Amino acid sequence: MRNLFEIDPWKIIETKFDANKQKQAESIFSIGNGSFGQRANFEEKYSGDTLQGSYIGGVYYPDKTRVGWWKNGYPEYFAKVLNSTNWIGINIEIDGEQLDLNVQQIKYFHRELDMQKGLLKRTFRVVFGSGKELEVESIRFCSMAREEIAAISYTVTPLNFSGNVKFTPYLDGNVSNHDANYDEFFWLEDSRKVDIQKGILCARTKKTNFCIATAMRFSFWREQELLTIHPNVAQRDFYVENNFEHYLEKGVRFTLKKYVAVTSTINHSEFELAAKAIKRVRDAYTSGFDTLRTEHENAWAEIWKSADILIEGDEASQQGIRFNIFHLYQTYTGKNAKLNIGPKGFTGEKYGGATYWDTEAYCLPFYLKTADPQVAKQLLIYRYHHLDRAIENAEKLGFKNGAALYPMVTMNGEECHNEWEITFEEIHRNGAIAFAVYNYVRHTGDTAYLSEYGLPVVAGIARFWAQRFNWSEAKKAYVMLGVTGPNEYENNVNNNWYTNYIARWCIQYCLEVNAQVSAALPEKLSAKEIKDFQHIVENVYFPVLTDTNIFLQQDGFMDKEQLTANDIPVAERPINQHWSWDRILRSIFIKQADVLQGLYLFEDHFSEDIIRENFDFYEPKTVHESSLSPCVHVILAAKIGRMDKALELYLRTSRLDLDDYNHEADEGLHITSMAGTWMSVVEGLGGVRVTENGLSINPSIPKPWKAYSFQIRYKNQPLALSITQHKVTLENLGSAPVSCKLFGQEISVKEGEKQEAALK
Ligand code: BGC
């Protein structure tokens, strides 16, 4: 696979402007700070093919669905995260000709995303029609230290002339979503104001009434000298600008420093929103670009301290893993329980920026092991706050007595997925949410969480499952009919093994939590419920292949034509772009880990032989057409000693967007599957597991790597692991001793101490 951009351990670098790659690059070089984010659009005008994108976490619009809304229980809308005010704009004009990389001759171009420092930088030289040559250098970031601030430093140097150049810094709220179902414009303007060196635009979303304020200020510099300028102001609907002409001397650097504040009713009341934006931007302006940049870089340094993975001997893998970690932290920092992790984060529109099961199944383990427990807890609390909606959602479908069905896709707790086979049937997502509670508690030891927030969520979910199973007289067991498992290339199947397994586990877990929680909570199970739950736990039906240990994905799976992915002609891959949907549904091909997803989550329930037998059965049938798929396979492949397979799939997941394997990076990045890439290293190659029996570590190392190292948090103690071809070193960086199993051997590592073991 060719690399789209240059390989560098900390940077993504583009050295030649290619208009055909611009949309891909806009996604890949995106920046964000967990609260808001921006695709890597250019500050100056760009008339080529582009996807202008500026997104604010949690601000969405309920876009009426095109189909299905007339069916009972069907969601009426799909929540779109909104493309909002474009705050980066700085137009440059010489002699009436606008700077535009789609128009001028480009003599030099260098764009880089510095992941260590969180900076997007660009340097380029262009020749205008008049022969005038200009160099531009821009640096911008969304501050990790001040959640509502972004800053741009935009330096222009005339290379072969002295003369007037016009600068137009602006804010533009005339932006629409490319994925709007009915080409509707989602915003109403509340107010705008523009003054010398500053401006503000306030807008609100139609229907949902989210208000946002975007404020700018700027300063203008000749080299290090602050200049006094007298700009003109202009405005129209959803738009404010300053503009001024200045005489630039040849070879002298002139810099426009633009400061931006983005506030929204996610964090403030409607009435204080504008005042807050004005205050924030004034403070940023007073602090100045260099101070903001230092604060921002320091915040990133803190993140990297515990979240980095160092890979020695393979720069492509090194760059790949950092790219994933970088984008995850740009998308979610855990500062606000109202926010979550959209599959495309702030890099594109597809999937609406909404919350999927991806958060609990893939992202939560990442934050649990790389950040303060509070960060993961916020993700759990998000679902806790949506419990009433999950109960309403289940009621709409006919469930009762507090049964809760969490949505497949949501912004506010309401279901808004638009395909019936997923909305109504892909109910396994409910299990991931209960599993997340369990996962959080076993990582952090925070059992108090269960009484305060955990039991209500787990009980609601268990009550749903208990009603969703039905007793089959024929099988003398509980069955679950009409579901879609994680493999979305099957719909409306009976007894999906994964769904049955996780559902039974949830009921069992609920019984355990119920017994543990002493508080007299209203959600506690009644004596009858306890009895009914126990009966279900003991009598669930699971399809298996006779005389083997193979768990069948669903009833009737063996009736399918038994083929492997290698039987599909290369020209027909991916099948979702070449085959009719009905052909896909009838085929044996698996979109993403399904039975294997269950073996991954509940690995400690099964022997290694059983995992191997199932892996060998399902892996060859899997086409990995969801980005969430390869990581689970890496983890299981490493577990059963298939290191070559693990490395092959790891490379595919780690550079999926960076090398744009699926030709879709232009629409945005696969943020949630990036957590899967991290899992591939830490859980897969590093063999790190946290189960009820504690922490265990069984590392291995791919042949091409010299060494790799990373940190994890366990029971709030940071541990550093480093693995070479010969040995593993475990260091306790915390303040209390940690016990764990290293290669099956019980060890205890005191605070500040290291232990080593030879690699097996
Ligand atoms: C996957 C789902 C996932 C969704 C969002 C789909 O392609 O099949 O499992 O939740 O993408 O990432």
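Residues numbered from 1 in each chain as written. Predicted model: local features only at pLDDT ≥ 70, side-chain atom pairs only at ≥ 80, totals over all residues. Heavy atoms only, no water.

Colleague: Is there a simple way to explain the packing of helix H4 (residues 315-331) against helix H19 (residues 671-685) in this structure?
Modeller: Put simply, H4 and H19 touch, their axes get as near as 9 Å, and they point 130° apart. Between H4 and H19, the angle falls in the class oblique. Note that H4 runs across H19; the crossing there is left-handed. Across the interface between the two elements, Ile321, Phe323, Asn324, Ile325, His327, Leu328 and Thr331 from H4 touch Ile671, Met674, Ala675, Thr677, Trp678 and Val681 from H19. Taken together, the residues of the contact of H4 with H19 break down into 9 nonpolar, 4 polar and no charged. (Axes fitted to C-alpha atoms, helices over the stretch in contact; angles between N-to-C directions. Helix = DSSP H or I, 4+ residues; strand = E, 2+ residues; numbered from the N terminus. Parallel < 35°, antiparallel > 145°, perpendicular 65-115°, else oblique. Left-handed = near helix turned anticlockwise from the far one by under 90°. Contact = heavy atoms within 4.5 Å. Nonpolar A, V, L, I, M, F, W, Y, C, P; charged D, E, K, R; others polar.)

Colleague: I'm lost on empty space enclosed by the protein in this one. Help?
Modeller: Once rolled over the atoms, a probe with the size of a water molecule shows which space is left empty. One pass over the structure, following the stated rule, counts 10 cavities of 30 Å³ or more. Where the lining of the largest cavity is concerned, the elements lending two or more residues are strand S4 (54-64) and strand S19 (254-264). Per element, the largest residue contribution to the lining of the largest cavity is 3 residues, and it comes from S19. The residue inventory of the lining of the largest cavity, partitioned by class, reads 5 nonpolar, 6 polar and 2 charged. (1 Å grid on protein atoms, 1.4 Å probe; cavity = no way out; pocket = protein on both sides within 12 Å on 5 of 7 lines; lining within 4 Å. Points joined across faces, edges and corners; volume = space filled by probe spheres on them.)

Colleague: Would you mind showing me how to read the site of the ligand here?
Modeller: Every residue close to the ligand is listed here: Pro343, Tyr351, Tyr356, Trp357, Asp358, Met408, Glu488, Lys591, Gln592, Ser626 and Leu628. A distance of 3.0 Å separates an oxygen atom of the ligand from a polar side-chain atom of Trp357. Within the side chain of Gln592, one N or O atom sits 2.5 Å away from an oxygen atom of the ligand. Here the ligand has 310 Å² of accessible area as a free molecule, and 91% of this is covered by the chains. Most atoms of the ligand, that is more than half of them, are within 2 Å of grid points of the largest pocket. (Near = heavy atom within 4 Å. Polar contact = N/O pair within 3.5 Å; in protein donor to acceptor, adjacent residues only side chain to side chain. Areas by Shrake-Rupley, 256 points an atom, 1.4 Å probe, with all protein chains shown as cover. Sits in = over half its atoms within 2 Å of the grid points.)

Colleague: Sorry if this is basic, but what is going on with a nonpolar patch on the surface here?
Modeller: On the surface, Val67, Trp69, Trp70 and Tyr182 cluster together to form a nonpolar patch covering roughly 460 Å² of accessible area. Assignment of secondary structure puts Trp69 in the loop between S4 and strand S5 (77-83). (Patch = residues over 30% accessible without salt bridge, like charges linked within 9 Å, V, L, I, M, F, W, Y side chains within 5 Å. Salt bridge = Lys/Arg side-chain N within 4 Å of Asp/Glu carboxyl O.)

Colleague: I would appreciate a short explanation of the nonpolar core in the present structure.
Modeller: Most often, soluble globular proteins have nonpolar side chains that are buried together. Ranked by internal contacts, the top residues of the largest apolar core, which has 242 residues, are Ile28, Trp87, Tyr367 and Leu695. Among the domains, domain 1 (11-278 + 289-306) and domain 2 (317-685) are the pair contributing at least three residues each to this core. Apart from residues lying up to four places away in sequence, Trp87 is in contact with Phe36, Gln38, Ser54, Cys142, Ala150, Ile152, Tyr170, Leu171, Thr214, Lys258, Val260 and Val262. In this structure, Ile200, Ala261, Leu273 and Ala284 belong to the second largest nonpolar core, which totals 18 residues. (Core = buried A, V, L, I, M, F, W, Y, C linked by side-chain atoms within 4.5 Å. Buried < 20%, exposed > 50% of the residue type's maximum accessible area, 1.4 Å probe, protein only. Domains from an automatic or database assignment.)

Colleague: Explain the pairing of S5 to me, please; I cannot follow it from the model alone.
Modeller: Across a regular strand the side chains alternate sides, sitting on one face of the sheet and then on the other. Counted residue by residue, S5 has 7 buried out of 7 residues, so it is predominantly covered. Across 6 bridges, S4 lies against S5 in antiparallel orientation. In the sheet register, Asp63 faces S5, and the bridge partner there is Phe78. (Pairing = 2+ DSSP bridges.)

Colleague: Looking at this structure, how should I read the sheet that holds strand S28 (residues 738-742)?
Modeller: Neighbouring strands of a sheet are bound in pairs by backbone hydrogen bonds; such pairs are parallel or else antiparallel. Within the open sheet, the 4 strands sit side by side as S23-S24-S28-S29. Their pairing is mixed. A single partner strand is all that each edge strand has here, and the edge strands are strand S23 (688-691) and strand S29 (745-749). When strand polarity is set aside, the average angle formed by the axes of neighbouring strands in this sheet is 30°. In this sheet, S28 lies alongside strand S24 (residues 694-697) in parallel orientation, the contact comprising 3 bridges. Paired with Ser696 across the bridge in S28 is Lys741.

Colleague: For this particular structure, what's the right way to read the layout of surface pockets?
Modeller: Volume-wise, the largest pocket comes out at about 1,400 Å³. The wall of the largest pocket is formed by 48 residues, among which Lys350, Tyr351, Asn576, Lys591 and Glu625 lie closest to the centre. Contributions of two or more residues to the lining of the largest pocket are made by S5, helix H8 (420-423), helix H13 (575-578) and H19. Here the element with the most residues in the lining of the largest pocket is H19; it accounts for 3 residues. Looking at the lining of the second largest pocket, the elements with two or more residues in it are helix H5 (358-370), helix H9 (429-444), helix H15 (595-601), helix H17 (629-639), H19, S23 and S24.

Colleague: Quick question: what am I supposed to make of the domain arrangement of the chain here?
Modeller: How big an interface is tends to be expressed through the accessible area that disappears when the partners come together. Taken as a whole, the chain is organised into domain 1 (11-278 + 289-306) and domain 2 (317-685). Taking only C-alpha atoms into account, the centre of domain 1 sits 36 Å from that of domain 2. In this assembly, 49 residues from domain 1 lie in contact with 46 residues from domain 2. Of the roughly 3,900 Å² buried where domain 1 meets domain 2, counting both sides, 62% is carbon and sulfur surface. Where domain 1 meets domain 2, there are 0 salt bridges. The interface formed by domain 1 and domain 2 contains 23 residue pairs in polar contact (both at pLDDT 80 or more). (Buried area = accessible area lost by both parts, 1.4 Å probe.)

Colleague: When you look at helix H7 (residues 387-396) in this model, what are you seeing that I'm missing?
Modeller: Each full turn of the α-helix corresponds to 3.6 residues, which orients residues three or four apart in the same direction. Among the residues of H7, those classed as buried are Leu387, Ala390, Ile391, Asn393 and Ala394. For H7, the angular spread of buried residues about the axis comes to 160°, placing them on one side. The exposed residues of H7 that point more than 90 degrees off its buried face are Asp388 and Lys396. Looking at the packing, one finds that the buried side of H7 touches helix H6 (373-385), H9 and helix H10 (448-468). Within two residues after H7, Gly398 carries a phi angle of roughly 105°, on the positive side. (Arc of directions from axis to C-beta.)

Colleague: Please explain the sheet that holds strand S25 (residues 707-714) as it appears in this structure.
Modeller: An order of S20-S25-S26-S27-S30 is seen for the 5 strands of this open sheet, with the pairing classed as antiparallel. The open sheet has two free edges, formed respectively by strand S20 (309-312) and strand S30 (754-758), since each of these has just one partner strand. Between one strand axis and the next, the sheet turns through 15° on average, direction left out of account. Both strand S27 (residues 727-732) and S30 contribute to a ladder of 5 bridges, which runs antiparallel. Residue pairing for S30: Glu731 is matched across the bridge by Lys754.

Colleague: What is the right way to look at H9 in this model?
Modeller: With 16 residues, H9 should reach 22 Å at 1.5 Å per residue; the first-to-last C-alpha distance of 23 Å fits that figure. The buried count for H9 comes to 16 of 16 residues, which makes it a mostly enclosed element. (Expected span 1.5 Å × (residues − 1).)

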